[in-house]
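Take a look at the letters that make up each chain.
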Amino acid sequence: MINPKNQLDSINQLTKSKGWKVIDEVMKEEIVSSAMAIADNPNMTLDEINFRRGSIWAARRWLELPERLSAKLESDIALLKK
């Protein structure tokens, strides 16, 4: 198992990579697209609206994952130093 410091370094490398920037951009475009689909279709069923809202929420949470994971790993590292 990789130690928390190495995991944190890996997460930091990921978020600074060109690949992550591409993923971030594409996901943000998908979020806007889902939101616009809700706004542009007045006949959308409540189930479809809720599905799209859920997909927007999931995409946002996925984009926030490196930040949340970094915070957890920083806490783990601080606890290991004590």
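One structure accompanies this document, and this report is about it.

Scoring rules and cut-offs
- Residues numbered from 1 in each chain as written.
- Predicted model: local features only at pLDDT ≥ 70, side-chain atom pairs only at ≥ 80, totals over all residues.
- Heavy atoms only, no water.
- Axes fitted to C-alpha atoms, helices over the stretch in contact; angles between N-to-C directions.
- Helix = DSSP H or I, 4+ residues; strand = E, 2+ residues; numbered from the N terminus.
- Parallel < 35°, antiparallel > 145°, perpendicular 65-115°, else oblique.
- Left-handed = near helix turned anticlockwise from the far one by under 90°.
- Contact = heavy atoms within 4.5 Å.
- Patch = residues over 30% accessible without salt bridge, like charges linked within 9 Å, V, L, I, M, F, W, Y side chains within 5 Å.
- Areas by Shrake-Rupley, 256 points an atom, 1.4 Å probe, with all protein chains shown as cover.
- Salt bridge = Lys/Arg side-chain N within 4 Å of Asp/Glu carboxyl O.
- Nonpolar A, V, L, I, M, F, W, Y, C, P; charged D, E, K, R; others polar.
- Core = buried A, V, L, I, M, F, W, Y, C linked by side-chain atoms within 4.5 Å.
- Buried < 20%, exposed > 50% of the residue type's maximum accessible area, 1.4 Å probe, protein only.
- Expected span 1.5 Å × (residues − 1).
- Arc of directions from axis to C-beta.
- Polar contact = N/O pair within 3.5 Å; in protein donor to acceptor, adjacent residues only side chain to side chain.

The subject of this paragraph is the packing of helix H1 (residues 4–16) against helix H3 (residues 46–81). Running from N to C, H1 and H3 cross one another at 155 degrees; their axes reach a closest spacing of 9 Å. Considering the angle they form, H1 stands roughly antiparallel to H3. Read as a crossing pair, H1 and H3 show a hand that is left-handed. Residues Pro-4, Lys-5, Gln-7, Leu-8, Ile-11, Asn-12 and Thr-15 of H1 form the contact with H3, whose participating residues are Pro-66, Leu-69, Ser-70, Leu-73, Glu-74, Asp-76, Ile-77 and Leu-80.

What follows concerns the environment of Ile-38. As for its placement among the helices and strands, Ile-38 is situated in helix H2 (residues 18–40). It is 6.3 Å that separates the C-alpha atoms of Ile-38 and Ile-49, two residues lying eleven residues apart in sequence. Apart from residues lying up to four places away in sequence, Ile-38 is in contact with Met-44, Ile-49, Arg-52, Arg-53 and Ile-56.

On the surface, Ile-23, Trp-62, Leu-65 and Leu-69 cluster together into a nonpolar patch covering about 310 Å² of accessible area. Tallying contributions element by element places H3 first for the nonpolar patch, with three residues.

With their axes 5 Å apart at the nearest point, H1 and H2 run at an angle of 65 degrees to one another. Together, Leu-14, Thr-15 and Lys-16 of H1 and Lys-18, Trp-20 and Lys-21 of H2 make up the contact between the two elements. Partitioning the contact of H1 with H2 into residue classes produces two nonpolar, one polar and three charged.

Let us look at the nonpolar core. Core analysis: the biggest nonpolar cluster contains five residues, these being Trp-20, Ile-31, Ile-56, Ala-59 and Leu-63. Secondary structure elements with two or more residues in this core: H2 and H3. Of all the elements, H3 adds the most residues to this core, at three residues. If we ignore the near neighbours within four places in the chain, the residues touching Ile-56 are Ile-31, Ser-34, Ala-35 and Ile-38.

This brings us to H1. The terminal C-alpha atoms of H1 lie 18 Å apart, and with 13 residues this matches the ideal 18 Å at 1.5 Å per residue to within 8%. Of all the residues in H1, the buried ones are Pro-4, Leu-8 and Ile-11. All buried residues of H1 lie within an arc of 60 degrees about the axis, which places them on one face of the element. In this structure, H1 carries Gln-13 and Lys-16 as exposed residues pointing more than 90 degrees from its buried face. For H1, the secondary structure elements touched by its buried residues are H3. Between the side-chain oxygen of the N-cap and the backbone nitrogen of Lys-5 there are 3.1 Å, and the N-cap of H1 in question is Asn-3.

Keep in mind these numbers describe shape, not what the thing actually does.
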